[in-house]
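Observations on chain architecture
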Amino acid sequence: MTDQKLAQAHAALPINTIQSGDCVEVMNSLPENSIDLIFADPPYNLQLKGELHRPDNSRVDAVDDHWDQFSSFAAYDRFTQDWLKAARRLLKPNGAIWVIGSYHNIFRVGSALQNEGYWILNDVVWRKSNPMPNFRGKRFTNAHETMIWASKSEGAKYTFNYEALKSLNEGIQMRSDWVLPICTGHERLKDEAGDKAHPTQKPESLLHRIIVGSTNPGDVVLDPFFGTGTTGAVAKMLGREYIGIEREEAYRKVATQRIKSVRKFDREALRVSTSKRAEPRVPFGQLVERGMLRPGENLYSMNNRHKAKVRADGTLIGDDVKGSIHQVGAALEGAPSCNGWTYWSYKRDGKMVPIDLLRQQIRSEMAEKPS
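Cut-offs and rules
Residues numbered from 1 in each chain as written. Predicted model: local features only at pLDDT ≥ 70, side-chain atom pairs only at ≥ 80, totals over all residues. Heavy atoms only, no water. Helix = DSSP H or I, 4+ residues; strand = E, 2+ residues; numbered from the N terminus. Buried < 20%, exposed > 50% of the residue type's maximum accessible area, 1.4 Å probe, protein only. Contact = heavy atoms within 4.5 Å. Pairing = 2+ DSSP bridges. Lys, Arg positive; Asp, Glu negative; His and termini not counted. Salt bridge = Lys/Arg side-chain N within 4 Å of Asp/Glu carboxyl O. Polar contact = N/O pair within 3.5 Å; in protein donor to acceptor, adjacent residues only side chain to side chain. Core = buried A, V, L, I, M, F, W, Y, C linked by side-chain atoms within 4.5 Å. Phe/Tyr/Trp six-rings, centres within 6.5 Å; stacked < 30°, edge-to-face > 60°. Lys NZ or Arg CZ within 6 Å of the ring centre and 35° of its normal. Arc of directions from axis to C-beta. pLDDT = per-residue confidence, 0-100. Axes fitted to C-alpha atoms, helices over the stretch in contact; angles between N-to-C directions.

1. What about the overall build of the protein chain?
In terms of regular secondary structure, the protein chain is built from 13 helices and 14 strands. The 371 residues of the protein chain split such that 44% are buried. Counting contacts in the protein chain only where the partners sit at least 6 residues apart, residues at least 24 apart contribute 68% of the total.

Shown next as structure tokens:
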């Protein structure tokens, strides 16, 4: 999509702003089918009873804020149903949602997602490499949180940048268990008194993986529980638009200052690896039409045992066999199939050059043009 079309699509949205107020009311005020991705970090309803202390009797700064307190499970379920319904209305037909939670709430959220018509794609375990210990010693250490990734409906063509996530994982398919640290050190935001600005601030690494994997540059990411703005900060860095909703003024203030200091990466740095199937198709004949290869020029197999001549219509002929670059390669090798793009090379200045380099040159030119 061109920059002009993106601007028109975003004109009705308060992009790159933090909206004040109740998340359901704000979401219901926005146009339907307008959001590409929602990341939601709702209250976990931790149900803490009394204070928590370390073995040295120092008090743990646990989550006991008013926004995490509900009178009953039924009240929490009504709250969950209301915001999920409003969120689904906002998503584009091919949009998706990520919701993060703990054992206190994620199972109730998962049920509500399905009841509202979402289609669950994966549950992803964020395994914390540096979790807080269980100080009472009566349960296992809570070393993970669970995220649910869901499309708006069954059969929706959601965004999944498989190759980009594979590249992030050193060329290995990304699994559904992610080992990442919690916020510590310089990333942990502090308020004016030097205390944690937010008790459950999520690490930027977590949002980086989610946004790279399930959105494209220019997409709009909405966070209905914005907190101190991790979603907005990472979205801005990665060339996405964001909308935050946060009712607590103190959090909005911290998030505003944080995002203001974020610098967007340049356009070239935002490009990610794509699958071969996702790349634009380039017919071999286009190389001939553009004069990159000439009719009558010879191509040579990668093992240098065979050669074939380029014809004006983009086919090859060699050793009494003719056809496409794939058909001729397969026939000469006596193989059931052949990828002609990686099989054939041409000679320039005495050196063998794979024809696939010419295809990549054309694809690069196509990527530079507005879609």
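Next, the rest of the story.
2. Things to note about the pairing of strand β10 (residues 307-310)
As paired elements, strand β9 (residues 298-301) and β10 share three bridges and run antiparallel to each other. In the sheet register, L299 faces β10, and the bridge partner there is A308. Turn length for the β9-β10 hairpin, with the two strands adjacent in sequence and antiparallel, is five residues, and the turn residue N304 shows positive phi of about 65°. Direction of pairing for β10 relative to strand β11 (residues 316-318): antiparallel, over a ladder of two bridges. Counted as the bridge partner of V310 is L316 from β11. Two successive antiparallel strands, β10 and β11, enclose a turn made up of five residues, where G314 displays a positive phi of approximately 85°.

3. Some words on unusual backbone geometry
A negative phi angle is the norm for most residues apart from glycine, just as the trans form is the norm for most peptide bonds. Even without being a glycine, N33 presents a positive backbone phi close to 55°. A positive phi angle, close to 50°, is found at D319, a residue other than glycine. Looking at where D319 falls in the secondary structure, it is placed in the loop between β11 and β12 (321-323).

4. Here's the deal with the side chain of E246
The residue E246 is located in strand β8 (residues 241-246) in this model. Although E246 is buried, it forms no salt bridge, and the closest oppositely charged side chain is R247 at an N-O distance of 5.8 Å. Polar side-chain contacts of E246 include one of 2.8 Å to the backbone nitrogen of G227. At 3.0 Å, the side chain of E246 and the backbone nitrogen of E248 are in polar contact.

5. Description of the nonpolar core
The tendency in soluble globular proteins is for nonpolar side chains to be buried as a group. Judged by nonpolar contacts, the single largest core of 34 residues is most densely connected at W98, I100, M147, W178, L206 and I210. Residues within four places of M147 in sequence aside, it is in contact with W98, V99, I100, N122, D123, V124, W126, W178, L206 and I210. Membership of the second largest hydrophobic core comes to 31 residues, among which are V26, A86, L222 and I243.

6. A closer look at the packing of aromatic side chains
A complete count under the given rule lists 11 aromatic pairs for this structure. When the centroid spacing of 5.9 Å and the interplanar angle of 50° are considered together, the rings of Y76 and F79 count as tilted. Here Y76 and its partner F79 are both found in helix α3 (residues 73-90), three residues apart, which amounts to about one turn of the helix. F79 carries the same exposure label as Y76, and that label is buried. Each member of the aromatic cluster is reached from another via a ring pair, and the members are W98, W149, Y158, F160, Y162 and W178. Stacked on the ring of W126, the Lys or Arg K128 has its end atom at 5.1 Å from the ring centre. Over the aromatic face of W178 sits the side chain of R209, whose NZ or CZ is 5.0 Å from the ring centroid.

7. A look at helix α4 (residues 106-115)
By the burial criterion, the buried members of α4 are I106, V109, G110, A112 and L113. Take α4 and look down its axis: the buried residues cluster within an arc of 165°, on one side only. Exposed residues pointing more than 90 degrees away from the buried face of α4 are listed as F107, Q114 and N115. Here the buried face of α4 lies against α3, β3 (91-101), β4 (119-128) and β5 (144-151). Phi turns positive, to about 100°, at G117, one or two residues after α4.

8. Focus: the confidence of the model for the protein chain
On average, residues of the protein chain score 87 in pLDDT, and 89% of them reach the 70 mark or higher. Per-residue pLDDT stays below 50 along residues 48-55; that stretch engages in 17 contacts with residues further than four places along the chain or on separate chains. Across residues 57-63 the pLDDT falls below 50, and counting only partners more than four positions away or on other chains, this stretch makes 19 contacts in the model.

9. Observations concerning the sheet that holds β11
Ordered by their spatial adjacency, six strands build an open sheet running β12-β11-β10-β9-β13-β14, and the pairing between neighbours is antiparallel. Every other strand in the sheet has two partners, leaving β12 and β14 (351-354) as the edge strands with one partner each. Strand-to-strand twist in this sheet, taken as the mean axis angle between neighbours without regard to direction, amounts to 35°. Sheet analysis places β9 next to strand β13 (residues 344-348), joined by two bridges and oriented antiparallel. For Y300, the partnering residue across the bridge sits in β13 and is S345. Docked against the sheet, helix α11 (residues 325-333) engages β10, β11, β12 and β13, running at close to 155° with respect to β12.

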